[in-house]
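If you want the building blocks of each chain, they are given just below.
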Amino acid sequence: MTPVTETIAAPASKTALKLTERIHRIEPSATMAVVAEAEKLRQAGVDVVDLSVGEPHFHTPQHIKDAAIAAINNNFTRYTAVGGTLELKDAIVQRHAQDFGSAYKREEAMASVGGKHVLFNAIQVLVEHGDEVILPVPYWVSFKDIVRYAGGNCMLLQSSEEDGFRVTADMVARLVTPRTKLIILNSPSNPTGAVMSPKDLTEVARFAAERGIWVISDETYVYLNYSGREFSLGSLQEQRDRVIVVGSLSKTYAMTGWRMGFALSPAAVTGAMQKLQSQSTSNPTSIVQKAAVAALTGSQACVAEMRAEYIQLRDHMLAGLRAIDGIKCTKPDGAFYVYPNVAAFFGRKGINSPADFAKKLLHEAHVATVPGEGFGTKEHVRMSYATSQKELDRGLERLRGFLGSV
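Calculation rules
- Numbering of residues starts from 1 in every chain and runs along the sequence as written.
- Reporting of local features is limited, given that this is a predicted model, to residues whose pLDDT is at least 70; pairs of side-chain atoms are given and counted only at 80 or more, and all residues count toward the totals for whole chains, interfaces and linings.
- Processing note: side-chain calculations cover all non-hydrogen atoms of the structure and skip hydrogens and water entirely.
- Helix and strand labels come from DSSP, where a helix needs a run of H or I of at least four residues and a strand needs a run of E of at least two; each type is numbered from the N terminus.
- The globule rule is 2.2 Å times the number of residues to the power 0.38, and the radius of gyration it is compared with is taken over C-alpha atoms.
- Only protein chains enter the accessibility calculation, which uses a 1.4 Å probe; a residue is then buried when its area is under 20% of its type maximum, exposed when over 50%, and partly exposed in between.
- Residue contacts follow a heavy-atom distance rule, with two residues in contact if any of their heavy atoms lie within 4.5 Å.
- Computed with the Shrake-Rupley method and a 1.4 Å probe, the accessible areas treat only the protein chains shown as cover for residues.
- Under the convention used here, Asp and Glu are negative, Lys and Arg are positive, and both His and the chain ends fall outside the count.
- Where a charge lies is defined by one atom per residue type: Lys uses NZ, Arg uses CZ, Asp uses CG and Glu uses CD.
- Any Lys or Arg side-chain nitrogen located within 4 Å of an Asp or Glu carboxyl oxygen qualifies as a salt bridge.
- In this analysis the probe radius is 1.4 Å and the grid spacing 1 Å, with only protein atoms considered; a cavity is a set of points the probe fits into but cannot get out of, a pocket is an open set with protein on both sides within 12 Å along at least five of seven lines, and lining residues have an atom within 4 Å of a point.
- Grid points are joined across faces, edges and corners, and a volume is the space filled by probe spheres set on the points.
- For this scheme, ten residues count as nonpolar: Ala, Val, Leu, Ile, Met, Phe, Trp, Tyr, Cys and Pro. Four count as charged, namely Asp, Glu, Lys and Arg, and the remainder, Gly too, count as polar.
- Any two strands between which DSSP finds at least two bridges are classified as paired.

## What to know about the overall build of the protein
Working step 1: For the protein, the helix and strand inventory stands at 12 helices and 13 strands.
Working step 2: The C-alpha atoms of the protein give a radius of gyration of 21 Å, which matches the 22 Å a tight globule of 406 residues would have.
Working step 3: With the principal axes as the frame, the protein shows a C-alpha extent of 60 × 50 × 50 Å.
Working step 4: Looking at the 406 residues of the protein, the share that counts as buried comes to 55%.
Working step 5: Contacts in the protein between residues at least 24 apart in sequence constitute 75% of all its contacts with a sequence separation of at least 6.
Working step 6: When the accessible surface of the protein is totalled, it reaches about 17000 Å², and 51% of it is carbon and sulfur.
Working step 7: Seen as two clouds, the 44 positive and the 42 negative side-chain charges of the protein have centres 3 Å apart.

This is the structure:
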């Protein structure tokens, strides 16, 4: 597998702004750009079917909301330790141990303002200028930019749509060089829903540890794995000294707006991330920490119920897309996205890229999707099926009508 090297160079035209070189290495989030554009249309009175944002359509479970309300009423509204309360750290460790058989200690856990913040912290404390970071494509929109902000170079691992965007240990190993500092894995994947096998994940962790390479395992969607076995790299005792597990309550418990993520990592790395966080956000919101404890220690029935509905929605969405001539779509084994190939429509009505496709679909049919360029591909758009079946049907109907006119 031939890697594609991302270099960091600030466009000359931007130097006149006299901002830092590092801010010019990154781009605004492609997902957030679509959300903003869709919101403009809504403000103008347009009825938009939003299949863009990765956000559960479920409400946060009541017992979690009750814990936050109780925290407010009990005046739990002051600063806490930077990486979260001891109660929350213990809840994170115990939940992971119960679900994945891990054996983390309290000092190896920390909480942060969402999973993205944890990723930012981790990459900033690990990646030096010029370090290489192996990143499978398609990738979540923020991975590449966070690495580039740290001064690292992304070695892009191209996966194959024909193989369901599957990433194997052999594919990763072929990109390792003496400059490799970090491997980023995201299983189940955003945007494709692809799931790496436990065998391949274990093999990556093994050879990375042997070479002194770090592995970040983004497990935001670990509980939305439909392949039959939930697995965390944090369960590997022999290799976990080189593994950072990034978790989030956002998708698992429908808590996106609460902003609560966590990391499980060697104590020295956890301490470094907390040091960085102490100079940025300080602690996550105190009342959200109480809600997080309730989520992690309470009944997990809500997680199973949401997962079961996502499977039904996935199958419904997939059937609808595959019934449209010209669209190809692999079956996702996790998360709540489909990643259809829309290249068959390029060359029609000024559509020559996923960005063109998504823009016209939004402005002409009022369906919001995210173009594949933000994820590193040139033939796809991402659609979220984390919504009601009725809303999916409205989106599919509009998509069929739009494609019938191009």
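Anyway, onward from the coordinates.
## Some points on the pattern of salt bridges
Working step 1: Applying the stated rule across the entire model yields 17 salt bridges.
Working step 2: Residue arginine 240 pairs with glutamate 108 through a salt bridge whose shortest N-O separation is 3.4 Å. Of this pair, arginine 240 sits in the loop between β7 (214-218) and β8 (243-248) while glutamate 108 sits in the loop between α3 (86-100) and β3 (109-112), placing them 132 residues apart in sequence.
Working step 3: The buried category is assigned to arginine 240, whose relative accessible area is 10%.
Working step 4: Note that glutamate 210 and arginine 206 form a salt bridge whose closest N and O atoms lie 2.6 Å from each other. Taken together, the residues glutamate 210 and arginine 206, both in helix α7 (residues 198-211) and four residues apart, mark about one turn of the helix.
Working step 5: What makes arginine 206 partly exposed here is its relative accessible area of 31%.

## A closer look at the layout of surface pockets
Here the idea is plain: a probe the size of a water molecule rolls over the atoms and shows the empty space left.
Working step 1: Empty space within the largest pocket amounts to approximately 520 Å³.
Working step 2: Along the wall of the largest pocket there are 25 residues; nearest its centre are Gly54, Lys116, Trp140, Lys251 and Arg259.
Working step 3: Listed by contribution, the elements that provide at least two residues to the lining of the largest pocket are α1 (30-43) and α4 (115-126).
Working step 4: Considering each element in turn, the lining of the largest pocket owes the most residues, three residues, to α4.
Working step 5: Classifying every residue of the lining of the largest pocket by side-chain character gives seven nonpolar, 12 polar and six charged.
Working step 6: If you add up the space inside the second largest pocket, you get close to 370 Å³.
Working step 7: Every residue lining the second largest pocket is counted, 22 residues in all, and those nearest its centre are Ile26, Glu27, Pro28, Val141 and Asp145.

## Topic: the sheet that holds strand β13 (residues 381-384)
Working step 1: The strand order across the open sheet built from three strands is β10-β13-β12, with neighbouring strands paired in antiparallel fashion. Edge positions in the open sheet fall to β10 (337-338) and β12 (370-371), since each of these has one partner strand only.
Working step 2: Across two bridges, the pairing between β12 and β13 is antiparallel. Its bridge partner being in β13, proline 371 is matched across the sheet by valine 381.

## Considering empty space enclosed by the protein
Working step 1: In the structure shown here, the tally under the stated rule is three cavities of 30 Å³ or more.
Working step 2: Reported here for the largest cavity is a volume of approximately 190 Å³.
Working step 3: Around the largest cavity, the lining comprises 21 residues; the ones closest to its centre are Pro136, Pro138, Val167, Asn186 and Ser189.
Working step 4: Of all the secondary structure elements, the ones that give two or more residues to the lining of the largest cavity are β4 (132-137) and β6 (180-186).
Working step 5: The space that makes up the second largest cavity amounts to roughly 140 Å³.
Working step 6: If you trace the second largest cavity, you find 17 residues lining it, with His96, Val222, Tyr223, Gly247 and Phe262 closest to the centre.
Working step 7: Listing elements by their share of the lining of the second largest cavity, those giving two or more residues are α3 and β8.
Working step 8: Class assignment for the residues of the lining of the second largest cavity results in 10 nonpolar, five polar and two charged.

## A word on the pairing of β8
Working step 1: The buried count for β8 comes to six of six residues, which makes it a mostly enclosed element.
Working step 2: Pairing between β7 and β8: four bridges, direction parallel. Each residue of the ladder has a partner; that of aspartate 218, found in β8, is valine 246.
Working step 3: Both β8 and strand β9 (residues 261-264) contribute to a ladder of four bridges, which runs antiparallel.

All we've got here are geometric facts, nothing functional implied.
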